[in-house]
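Here are the chains, one letter per residue:
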There are 2 protein chains.
Amino acid sequence: MRSSRWLLAALISLATLTPALADEGMWSPEQLPQLAPALKARGLTLDPLTLANLDAYPLAAVVSLGGCTASFVSGDGLIVTNHHCAYGALQYNSTAEKNRIVDGFLARHRSEELPGAPGQHVYVTDRILDVTAKIGEHLHPWMSGAERYQAIDKESKRLIAECEAKAGYRCRVAEYYGGVSWRLIRQMEIRDVRLVYAPAESIGKFGGDIDNWMWPRHTGDFSFLRAYVSPSGAPADYSKDNVPYHPSQVLRINPRGVEAGDFVMVTGYPGRTNRYRLADEVEQAVSWTYPTRIKVYEDSLAIIDQAAKKDPAVGVAYASRVAGLNNYLKNYKGQIEGLSRADAVKQKRSAETALESWLKDNDNDANRGYLAAIAKLRQAIAADASTRDRDLALQLIGNANLYSAANRLVHLAEARGKADGERDTGYQERDWPRIKASLEQMQRRFDPAVDQRFMVYGLLRYVALPAAQRLKALDAWLDGAKDETAIRARVAKLYAGSKLGNSAERLHWFDADSKAMAASDDSLIRLAVALRPELDALNKADEARYGDINEWRTGYMQGMLAWKKAMHQPIYPDANSTLRVTFGTVQGVSPRDAVTYAPFTTVAGILEKDTGKVPFNAPAAELEAIRSELASGGNFDGFASKKQDTLPVDFLADLDITGGNSGSPALDSHGRLVGLAFDGNWESVSGDWLFNPKLNRSIQVDVRYMLWVMHAIDHADNLLREMHVEVPDAE
Amino acid sequence: MRSSRWLLAALISLATLTPALADEGMWSPEQLPQLAPALKARGLTLDPLTLANLDAYPLAAVVSLGGCTASFVSGDGLIVTNHHCAYGALQYNSTAEKNRIVDGFLARHRSEELPGAPGQHVYVTDRILDVTAKIGEHLHPWMSGAERYQAIDKESKRLIAECEAKAGYRCRVAEYYGGVSWRLIRQMEIRDVRLVYAPAESIGKFGGDIDNWMWPRHTGDFSFLRAYVSPSGAPADYSKDNVPYHPSQVLRINPRGVEAGDFVMVTGYPGRTNRYRLADEVEQAVSWTYPTRIKVYEDSLAIIDQAAKKDPAVGVAYASRVAGLNNYLKNYKGQIEGLSRADAVKQKRSAETALESWLKDNDNDANRGYLAAIAKLRQAIAADASTRDRDLALQLIGNANLYSAANRLVHLAEARGKADGERDTGYQERDWPRIKASLEQMQRRFDPAVDQRFMVYGLLRYVALPAAQRLKALDAWLDGAKDETAIRARVAKLYAGSKLGNSAERLHWFDADSKAMAASDDSLIRLAVALRPELDALNKADEARYGDINEWRTGYMQGMLAWKKAMHQPIYPDANSTLRVTFGTVQGVSPRDAVTYAPFTTVAGILEKDTGKVPFNAPAAELEAIRSELASGGNFDGFASKKQDTLPVDFLADLDITGGNSGSPALDSHGRLVGLAFDGNWESVSGDWLFNPKLNRSIQVDVRYMLWVMHAIDHADNLLREMHVEVPDAE
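Note that this is a predicted model, so its numbers are computed, not measured.

Draft legend 1. Looking closely at the overall build of chain A. If you tally the helices and strands in chain A, you get 26 helices and 20 strands. Rg of the C-alpha trace for chain A: 26 Å, near the compact-globule value of 27 Å for 731 residues, within the 12% margin. Principal-axis analysis of the C-alpha atoms places the extent of chain A at approximately 75 × 70 × 60 Å. Contacts in chain A between residues at least 24 apart in sequence constitute 77% of all its contacts with a sequence separation of at least 6.

Draft legend 2. How the structure looks around the sheet that holds strand S20 (residues 698–702) of chain A. Residues and elements named next belong to chain A. Spatially, the seven strands line up as an open sheet ordered S13-S12-S18-S19-S20-S17-S16, and their pairing is antiparallel. The sheet is open, and its two borders are formed by strand S13 (580–585) and strand S16 (600–602), each paired with just one other strand. The mean angle between the axes of side-by-side strands here comes to 30°, regardless of whether they run parallel or antiparallel. Taken strand by strand, helix H25 (residues 703–713) contacts S16, strand S17 (648–653), strand S19 (673–680) and S20, and its axis lies near 35° from that of S20.

Draft legend 3. Region of interest: helix H14 (residues 388–397) of chain B. Along H14 of chain B, the residues that are buried comprise Arg390, Leu392, Ala393, Leu394, Leu396 and Ile397 of chain B. In this structure, the buried residues of H14 of chain B make contact with helix H9 (279–310), helix H15 (401–416), helix H17 (448–462), helix H18 (472–478) and helix H22 (523–566) of chain B.

Draft legend 4. Summary view of the interface of chain B and chain A. Between chain B and chain A, the residue contacts involve 15 residues of the former and 15 residues of the latter. For the pair chain B and chain A, the two sides together bury roughly 1,100 Å², of which 49% comes from carbon and sulfur. A per-residue breakdown of the area chain B buries against chain A is headed by Asp593, Ala594 and Glu608 of chain B, which together make up 48% of the total. Applying the counting criterion to the chain B and chain A interface returns zero salt bridges.

Draft legend 5. Region of interest: the environment of Pro231 of chain B. Residue and element names in this part refer to chain B. Relative to the helices and strands, Pro231 is located in the loop between strand S10 (223–229) and strand S11 (243–244). Judged by its relative accessible area of 62%, Pro231 is exposed. Sequence-distant contacts of Pro231, defined by excluding residues within four places in its chain, comprise Asp241, Asn242 and Val243.

Draft legend 6. Geometry of the nonpolar core. Membership of the largest hydrophobic core comes to 190 residues, with the highest contact counts inside it found for Phe224 of chain A together with Phe224 of chain B. If near-sequence neighbours (up to four positions away) are discounted, Phe224 of chain B is found in contact with Val73, Leu78, Ile79, Val80, Arg194, Leu195, Val196, Tyr197, Met710, Leu719 and Met723 of chain B.

Draft legend 7. The arrangement of the pattern of salt bridges in detail. All names here are of chain A. With the rule as written, the count across this model stands at 86 salt bridges over all chains. Across the pair Glu164 and Arg430 runs a salt bridge whose closest N-O atoms are separated by 2.6 Å. Note that Glu164 is positioned in the loop between helix H6 (145–163) and strand S7 (169–176) and Arg430 in the loop between helix H15 (401–416) and helix H16 (432–441), a separation of 266 residues in sequence. Overall, Glu164 belongs to the buried group, its relative accessible area being 18%. On the basis of relative accessible area, Arg430 is assigned to the partly exposed category, the value being 24%. Each member of the salt-bridge network shares a partner with another, and the members are Asp76, Arg110, Glu113, Arg226 and Glu722.

Draft legend 8. Representation of the side chain of Thr69 of chain B within the structure. All names here are of chain B. Mapped onto the elements of the fold, Thr69 is located in strand S2 (residues 69–72). A polar contact of 3.4 Å, which involves the side chain of Thr69, links it to the side chain of Ser664. Sequence-distant contacts of Thr69, that is, excluding residues within four places in its chain, are made with Val62, Val63, Thr81, Thr267, Gly268, Tyr269, Gly660, Asn661, Ser662, Gly663, Ser664 and Pro665.

Draft legend 9. Examining the relation of the copies chain B and chain A more closely. Each copy of the sequence occupies a distinct position, and chain B is placed on chain A by a rotation of 180° and an axial shift of 0.1 Å, giving an RMSD of 0.1 Å. In symmetry terms, the pair is related by a two-fold rotation axis. Proximity to the rotation axis, assessed at the C-alpha, singles out Thr596 of chain B in chain B; its C-alpha lies 2.5 Å from the axis.

Draft legend 10. Examining the environment of Gly88 of chain B more closely. Residues and elements named next belong to chain B. Looking at the secondary structure, you find Gly88 in helix H3 (residues 87–92). On the basis of relative accessible area, Gly88 is assigned to the partly exposed category, the value being 30%. Sequence separation between Gly88 and Gln120 is 32 residues; the distance between their C-alpha atoms is 7.7 Å. The contacts of Gly88, once residues within four sequence positions are left out, are Ala117 and Gln120.

Draft legend 11. The arrangement of the state of the cysteines in detail. Residue and element names in this part refer to chain B. Going through the model one piece at a time under the given rule, you end up with four disulfides over all chains. Here Cys68 engages in a disulfide with Cys85; their sulfurs sit 2.1 Å apart. Handedness here is read from the sign of the S-S torsion; for Cys68 and Cys85, about -75°, the answer is left-handed. Of the two residues, Cys68 is situated in the loop between strand S1 (62–64) and S2 and Cys85 in the loop between strand S3 (78–81) and H3; the sequence distance between them amounts to 17 residues. Residue classification places Cys85 among the buried positions, given a relative accessible area of 9%. Cys163 shares a disulfide with Cys171; S-S distance 1.9 Å. Every disulfide takes its handedness from the sign of the S-S torsion; for Cys163 and Cys171 that torsion is -65°, giving left-handed. Of the two residues examined, Cys163 and Cys171, each falls in the buried class. Regarding the disulfides, chain A carries the connectivity 1-2, 3-4 under sequence-order numbering of its bonded cysteines.

Draft legend 12. View of the packing of aromatic side chains. Evaluated as defined, the whole model comprises 30 aromatic pairs over all chains. For the ring pair Tyr297 of chain B and Tyr328 of chain B, a centre distance of 6.4 Å and an interplane angle of 85° mean the geometry is edge-to-face. In this pair, Tyr297 of chain B sits in helix H9 while Tyr328 of chain B sits in helix H11 (residues 319–341), placing the two residues 31 residues apart along the sequence. Judged by its relative accessible area of 43%, Tyr328 of chain B is partly exposed. A ring pair is formed by Tyr328 of chain B and Tyr332 of chain B, whose centres lie 5.7 Å apart and whose planes are at 35°; its orientation type is tilted. A residue pair is termed a helical-turn pair when its members lie 3 or 4 positions apart in one helix, as Tyr328 of chain B and Tyr332 of chain B do in helix H11 at four residues. A residue is classified by how much of its surface remains accessible, and Tyr332 of chain B, at 5% relative accessible area, is buried. Each residue in the set Tyr290, Tyr297, Tyr328 and Tyr332 of chain A is aromatic and connected to the rest through ring pairs, giving one cluster. In this structure, Arg252 of chain B is placed above the aromatic ring of Tyr57 of chain B, and the distance from its NZ or CZ to the ring centre is 4.5 Å. Taking NZ or CZ as reference, Arg416 of chain B lies 4.3 Å from the ring centre of Trp432 of chain B, over its face.

Draft legend 13. Seen up close, the packing of helix H9 (residues 279–310) of chain A against helix H14 (residues 388–397) of chain A. Residue and element names in this part refer to chain A. Put simply, H9 and H14 touch, their axes get as near as 13 Å, and they point 25° apart. With respect to H14, the axis of H9 lies roughly parallel. Of the two elements, H9 crosses H14, and the hand of that crossing is right-handed. The residues of H14 that touch H9, namely those facing Gln284, Trp288, Thr292 and Val296, are Arg388, Asp389, Leu392 and Leu396. Of the residues belonging to the contact of H9 with H14, the class tally is four nonpolar, two polar and two charged.

Draft legend 14. Structural view of unusual backbone geometry. Residues and elements named next belong to chain A. A cis amide bond links Trp215 to the next residue, Pro216, at an omega of 5°. Turning to its location among the elements, Pro216 is positioned in the loop between helix H8 (208–211) and strand S10 (223–229). Its identity as a non-glycine residue notwithstanding, Asp479 has a phi of 55°, on the positive side. In this structure, Asp479 sits in the loop between helix H18 (472–478) and helix H19 (484–496).

Draft legend 15. Spatial organisation of the pairing of S2 of chain B. Residue and element names in this part refer to chain B. Burial along S2 is two-sided: Thr69 and Ser71 facing one way and Ala70 and Phe72 facing the other are all buried. Alignment of S1 against S2, held across three bridges, turns out to be antiparallel. Each bridged residue has a counterpart across the sheet, and for Val62 the counterpart in S2 is Ser71. The loop that links S1 with its antiparallel partner S2 comprises four residues; one of these, Gly66, has a positive phi angle of about 75°. Pairing geometry for S2 and S3, over two bridges, is antiparallel. Looking at the pairing, Phe72 lines up with Ile79 of S3. Adjacent in sequence and paired antiparallel, S2 and S3 are bridged by five residues, among which Gly77 carries a positive phi angle near 75°.

Thresholds applied
- Residues numbered from 1 in each chain as written.
- Chains lettered and ligands numbered in written order.
- Predicted model: local features only at pLDDT ≥ 70, side-chain atom pairs only at ≥ 80, totals over all residues.
- Heavy atoms only, no water.
- Helix = DSSP H or I, 4+ residues; strand = E, 2+ residues; numbered from the N terminus.
- Rg over C-alpha atoms; globule rule 2.2 N^0.38 Å.
- Contact = heavy atoms within 4.5 Å.
- Pairing = 2+ DSSP bridges.
- Axes fitted to C-alpha atoms, helices over the stretch in contact; angles between N-to-C directions.
- Buried < 20%, exposed > 50% of the residue type's maximum accessible area, 1.4 Å probe, protein only.
- Buried area = accessible area lost by both parts, 1.4 Å probe.
- Salt bridge = Lys/Arg side-chain N within 4 Å of Asp/Glu carboxyl O.
- Core = buried A, V, L, I, M, F, W, Y, C linked by side-chain atoms within 4.5 Å.
- Polar contact = N/O pair within 3.5 Å; in protein donor to acceptor, adjacent residues only side chain to side chain.
- Least-squares fit on C-alpha atoms with pLDDT ≥ 70 in both.
- Disulfide = S-S within 2.5 Å.
- Phe/Tyr/Trp six-rings, centres within 6.5 Å; stacked < 30°, edge-to-face > 60°.
- Lys NZ or Arg CZ within 6 Å of the ring centre and 35° of its normal.
- Parallel < 35°, antiparallel > 145°, perpendicular 65-115°, else oblique.
- Left-handed = near helix turned anticlockwise from the far one by under 90°.
- Nonpolar A, V, L, I, M, F, W, Y, C, P; charged D, E, K, R; others polar.

So, to be careful, I would describe these as geometric facts and stop short of saying anything about function.
As structure tokens, this is what we get:
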């Protein structure tokens, strides 16, 4: 395939990178040797070549938690990550009497360590294989979108199955540069992960949602887990007999941290960015996607809020969903604000025009092909918009847990009747344990009345759709219901005729086949059985659309790579939850005229912000300790920064990170741990589309604050010893 | 009187002032010679002695607008002040077709200048006379509070009447140091004040209420008026024959402005501060006054909002009251926030303890007297609290315009039957024109239905009062009505039986005597007549309370002066709407950990903030001009700061100002105009109680921005010429 040749050529050109451009970029490890001159120029003393090596220091110590990043900090599998990444483990181990979320937790001995939540796994990436050629073999220009999708899907599933033949491993095929290249990622999946230590929530989540995405920040967002394996060293479910995992590499700690202007880098698993999207896609996001989601999320919160006011138990059940909705709401508002302020559509449009001009000016078969792909991609994006209202309505109906559980169960039953390789993604045997777990866990997180309200809310959007976009089975079930009263009555009847609200009943259907489903008299299952052919057809249409878009986006990105190569400009792939490295400088930011934010916050800010009320309720012992250190000009047991003459809490850097990077180690020029990335500033929210080196900043908790809290507040000296950290001013 | 001796002694000690302490202080002009060393040390090149002289430069050029400050900037009576201080004049000259508030206004010739609103007067202070001895003559230790009040009131009225015998002058007796000293202030009252120039609201009020009390700020808060007098040079009502007033002094303009670190001072008429209040008074403000007012103001806004939603005309009528309520709401929230953050009660309490300890340690008759006064003052403050609910309820009922107009008319009729010197303050002949004007203007600012709602709201609080605090006449009128429905019915009947909603009818009663009032069958007047004796008794009780508090506060302040004198610490009187001078340094601020605000905002910030929507809708011509200057590296017609390499907009200084200082000239070390004070930062809101030199900052519009807008945007070059300002880069 042409694509990979272009990619290689583009990568080689990275050696001419100017350091000024280097702060943008979530580089794939194999790109780092080409960046070596820039990295050295910026102060990296670690050999850049080793940075490309998954088996070497420091990458081998950096792991994924599935949505978060973490690192090994001791030979006995001790893991450091963000407090918010271990929140599930804390929640799982909390009761009303012993609320470990609020109080924090410290295991003074291994025997005290607590099992994490069932889904809390550690993924150690040990192999990244370029499979572009293998997938490319099956792709042909004459293929339809559906055929292209099928070809990619089939080969991906084959590669994954082959890769996962080794027990204890999880594999995936990841798309790079919109389909220009493909890689097979293999990760060891450690399933026994225990809670070792977390500070009180009033440190670990100090500032809460109010400070989320904000600077100045004073959050001690760190915690510790430990990976356990079977005595033979293989991944295993939780067992008393399991032993600590011995990682091949362990991060070294630099208890003196970094200062303003210092080199810093972050390695981790950024989830998703949209840096190479077309202007039309940005425009759609700003004018439709985000505003619509804001409206829909606000409505959803109102539904939950109304019910929670009457019944506090509803509030508890939906607490996590409410937090998620609020988090996204704030994010979407930030996206709109940032993209509008940056005039992102205009910026993207002019970059696109420049690309197209270049392709036209450098006329040849390949470039003509890229131009055609761009035009087709634009059409496909516009076509997507024509069904977005239906897609949204169906998605909103699916927010009703029981309704979507019924659909999933019927889909699963259908999948059971096929060979594993023929099953839809998400319904293969490897996915069954997760489906089962989610059916089990649903019970604690839903309320039948609220569930019905969600379904009604989605249906009200559905009935407003034009006839051509409606589903026959859904219309038949609605039986002419159009207004809220009638729809409510239909949904009430539907729920009254189903036993799926019962956990055991859901799990009973987990093992059923299509025949059993077809014979069911459960009203929700009957609706799901009726809907199945049409939902399947929609899914097939989506796949075909994906096949098309993938083809054209590949062409567009090949054009982009050719153009950037000609300009000797670096190009890194969009984030796709694979291991990346980003590097930059510890520095503050001037977010607007006359305002300057320092790169470090200090403990004085904790005293300033503290109100005694959540989320600004630092522990009394911490307030006391800070006051006494500040009053006596103390050096915080030697953890204070000599340069700043106080104890830093969090720091800013111009690192290019996004969701998924949470918990990522921030490393100094020697590769030693100096902090943990946990957030970006407000201006970086829209950085997923457009990185602005002047405004975008990552936020890290400072290693000195972590160590001081561990030593002076929580007395977690057992862990300091395990990490070989000496308290500078130990008495 | 002992008090004045103490004062003089205290003032002499000011010569030992350390500059570090000097930024706090709204100094009375006669104090400035004592501050000379400090002023010179800080860079003042103007002779500090002239600063004490009301007839000399610059004080003779600084005038009051009654609630705002302004200055003469040309020999032909041209006056510069804030945009928001000329808002009334703009409003008065605006119609739906010709909205001068929105568009701004420029008179290119004198003939185009527009008459200001009826109340828009200019007050030129020409004499400040110490009358402490004259008032003291009538005060004796054996007097009751009521007698003391009467003695002060009588002598004050006599002094004022004597002073106002000179036509065209307005006089008042002002209390300093809580009654330690008294001064008679004489001001020439210029009544023909015309609108000369104001930029568009989108410059003059850029940022609106959102940016109110906020930094960074980008408001061009300036405008120009002109004072006119009769051809003979005497104050006169508006007439075509009037001529420009020729002030004795005119401020010189420094078109190069000031830079960070420069000396700067502000002269003006700060309204009121509470720097010497007892801890108990701060505590009452934080725990009761502000929270209660916040609740009450929010309720009032809701009443107006509900009515305005149904009838937009209500919104127009109450626009100014809504703006005022919102302004106070924000202020009160800032007060609570600031006072709580500073732990003001604790600070005041410990300062008080220190004062009391010193008085005890230095035992003598005088000091024993001061200690007793402090104890009694505390008791009086506590006693005040016992009737605060009733006072508030009556005040809230009085928010009903018609109800309070009836009370005022009946009070006025009663006053007409007395000799002028015997009339209550506010009801003397000198007050009649204002009473009449307010009765006339009421029409445009009220709606009968909303008025009734306000009265009902107040009455609902009233009926909740204990029996001992109730008024017999009000209870009799209520006729047992207790709940909202019943009270509404009573109020509706009251309003139905009155013609006071009619402007002519109100003015008819303006001339009535008590006999006519007693014979009236207008229901509101009948209620007011019935209430009059009890309201009068409450008023008398207030006067007696004032007499007591005045005596004890005088003693407390004498103790304070003695103590501060012993410590060689400066002491300035609380603001009381008299002419003051405050000096300091142009400098930024760090409002909280990791945040630094620069001392200057720049035009780039206008582009950043502009959204095209009110209040962030800078004029297209300005945006265009700024963009073009910034793109070309232009110097803004020479008005750009060379040091900053751009055009500054507003600047911060550590000047001690408060409400009433709006429009005050900011002067450089040579006494030249470099800006206009128009606001304080958020942290300074609570500065009225407690000045924090680290956090409190005044906000000034920069003279360079004013001049550039005048020249480049509004082409007001006629005014630049009149002020002898040359455009540095004129073509």
